[in-house]
Amino acid sequence: MGTFKQIAPNLFITNNSSFGNYMPDIVYNLLMTVDVNFSQCLEITPFCSCNCYIHHHENNPMCCNIPPNHLIFLSVIENRWCQWIYQFAHEYCHHLVNGGLSGEISGLKWFEETICELSSMYHLHLIFMQWSNNSIPIKSHYAPCLLDYLNDLLLKNQQLSSSTDHSGWLQSWIPLLSEPQYHRDHYNVIATKMYPLFVRNPNLWKIILHFGDMRNWNSLSDLFEHLHQTADDSYSKSLSDLEKLLLS
């Protein structure tokens, strides 16, 4: 796999040329910013999670367990900065959840996948806000591209989204979501529904610290009962709003 360059206390990226020709200063900054922004939401010290090694993979991005560390594969190449954020924010969310990383889809793994899709949206939003008025011209000029990419995600599945306008919409999807395969369009729609709550209260991200191995959960109601028991005052009301959105 070759050698890795350390770009933050817990972040290492492959030294080989598999990511193509990219601007290291920008890309490394993007990767570090995802951790810093997440850490602020979670009220933890930046870069305090286990070491994370970032490598290229031509197929699907993924987060793997290589005890005591994690290996994140990304398929992005060159200076496609929106994709760097989208892919890394998703996989870094898996990294922070730190549950079973076997690739098996069972239990409530679908909900973790949905939260990780939401992570991509959320970090695109935050970095857009941070780059919009940045003193570095290349960042401020690129910021509208981040917003366009985010809006494309939020509007990606309009037809499927229209089926969520009635009570019990998520319950009707549970048999499909419980299948041992990915249903990424459904994850996208659910994430889009949740997105405003997390923008309104970033501390709601603290729920990921209490997921554990999502394959061990079989009921979203049971998970929410656990999340209420572990919630603090900074997001307990938002957690109730999230539960109402999903389970009403």
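Residues numbered from 1 in each chain as written. Predicted model: local features only at pLDDT ≥ 70, side-chain atom pairs only at ≥ 80, totals over all residues. Heavy atoms only, no water.

Regarding the overall build of the protein chain
Stated precisely, the cut-off is as follows: Strands here are runs of E lasting at least two residues and helices are runs of H or I lasting at least four, both read from the DSSP assignment and numbered beginning at the N terminus. As a reference, a globule follows 2.2 Å times the number of residues to the power 0.38, and the radius of gyration itself is taken over C-alpha atoms. Each residue is placed in one exposure class: buried if its accessible area under a 1.4 Å probe, protein chains only, is under 20% of its type's maximum, exposed if it is over 50%, and partly exposed if it falls in between. Contact definition: two residues touch when any of their heavy atoms are within 4.5 Å.
Check the secondary structure of the protein chain and you find 9 helices and 5 strands. Counting from the amino terminus, helix and strand elements in the protein chain follow one another as β-β-α-β-β-β-α-α-α-α-α-α-α-α. Against the 2.2 N^0.38 benchmark of 18 Å for 248 residues, the protein chain shows a C-alpha radius of gyration of 18 Å, consistent with a compact globule. Dimensions of the protein chain, computed from C-alpha atoms along their principal axes, come out at roughly 50 × 40 × 35 Å. Put simply, the protein chain has 248 residues, and 50% of those count as buried. Across the protein chain, contacts joining residues at least 24 apart in sequence account for 65% of those joining residues at least 6 apart.

Details of the sheet that holds strand E2 (residues 11-14)
Condition: Between any two strands, pairing holds if DSSP finds at least two bridges. Helix axes are fitted to C-alpha atoms over the stretch in contact, other axes to C-alpha atoms as well, and angles between N-to-C directions run from 0 to 180 degrees.
One open sheet accounts for 5 strands, arranged E1-E2-E3-E5-E4; its pairing is mixed. Single-partner strands in this sheet number two, and they are strand E1 (4-8) and strand E4 (62-66). The mean inter-strand angle of the sheet, taken between neighbouring strand axes irrespective of direction, is 25 degrees. Two strands pair when backbone bridges link them, and E1 and E2 are joined in this way by 4 bridges, in the antiparallel orientation.

Points about the packing of helix H1 (residues 24-42) against helix H3 (residues 109-132)
Convention followed: Should an angle fall under 35 degrees it is called roughly parallel, over 145 degrees roughly antiparallel, and 65 to 115 degrees roughly perpendicular, with every other angle called oblique. Residue polarity follows a fixed list, in which Ala, Val, Leu, Ile, Met, Phe, Trp, Tyr, Cys and Pro are nonpolar, Asp, Glu, Lys and Arg are charged, and the others, Gly among them, are polar.
At their nearest, the axes of H1 and H3 sit 10 Å apart, and the two run at 110 degrees to each other. When the axis of H1 is compared with that of H3, the two are roughly perpendicular. Contacts between H1 and H3 involve Ile26, Asn29, Leu30, Thr33, Val34, Asn37, Phe38 and Cys41 from the first element and Ser119, Tyr122, His123, Leu126, Ile127, Gln130 and Trp131 from the second. Partitioned by chemical class, the residues of the contact of H1 with H3 number 9 nonpolar, 6 polar and no charged.

Quick notes on helix H2 (residues 81-97)
Cut-off, in case you're wondering: Any helix carries an expected span of 1.5 Å times its number of residues minus one.
Under the 1.5 Å per step criterion, the end-to-end length of H2 is 24 Å for 17 residues, consistent within 8% with the ideal 24 Å. Most of H2 sits out of view: 15 of its 17 residues are buried.

Thoughts on H1
Given a rise of 1.5 Å per residue, 19 residues ought to cover 27 Å, and the 27 Å separating the end C-alpha atoms of H1 matches this to within 8%. Positive backbone phi, approximately 55 degrees, marks Glu43, located one or two places after H1.

Some remarks on unusual backbone geometry
Omega for the bond connecting Pro67 with Pro68 falls within 30 degrees of zero, at 5 degrees, which places this linkage in the cis form. For Pro68, the location among the structural elements is in the loop between E4 and strand E5 (69-74). Look at Glu43: it is not a glycine, yet its phi comes out positive at around 55 degrees. Relative to the helices and strands, Glu43 resides in the loop between H1 and strand E3 (52-56).

Remarks on the packing of aromatic side chains
For any pair of aromatic rings, the description consists of the separation of the ring centres together with the inter-plane angle of the planes. Condition: When the centres of two rings from Phe, Tyr and Trp lie within 6.5 Å, Trp using its six-membered ring, the rings pair. Their planes under 30 degrees apart give stacked, over 60 give edge-to-face, and anything left gives tilted.
The final tally for this structure, using the stated rule, is 18 aromatic pairs. On the basis of an interplanar angle of 50 degrees and a centroid distance of 6.0 Å, the ring pair of Phe111 and Phe211 is categorised as tilted. Here the residue Phe111 occupies a position in helix H3, and Phe211 occupies one in the loop between helix H7 (184-200) and helix H8 (220-230), the gap between them amounting to 100 residues. Both residues of the pair, Phe111 and Phe211, count as buried.

Let's talk about the pairing of E3
Rules: Every crossover in which the path from the first strand over the helix to the second runs clockwise, viewed with the strands pointing away from the viewer, is termed right-handed.
With 5 of 5 residues buried, E3 is to be regarded as a mostly interior element. Bridge count for E2 against E3 is 3 bridges, and the pairing is parallel. In the strand pairing of E3, Ile13 is matched with Ile54. Taken together, E2, H1 and E3 form a β-α-β motif whose crossover is left-handed. Alignment of E3 against E5, held across 5 bridges, turns out to be parallel. Residue His55 lies in a different strand from E5, and its bridge partner there is Phe73.

The analysis is restricted to geometry; functional conclusions fall outside its scope.
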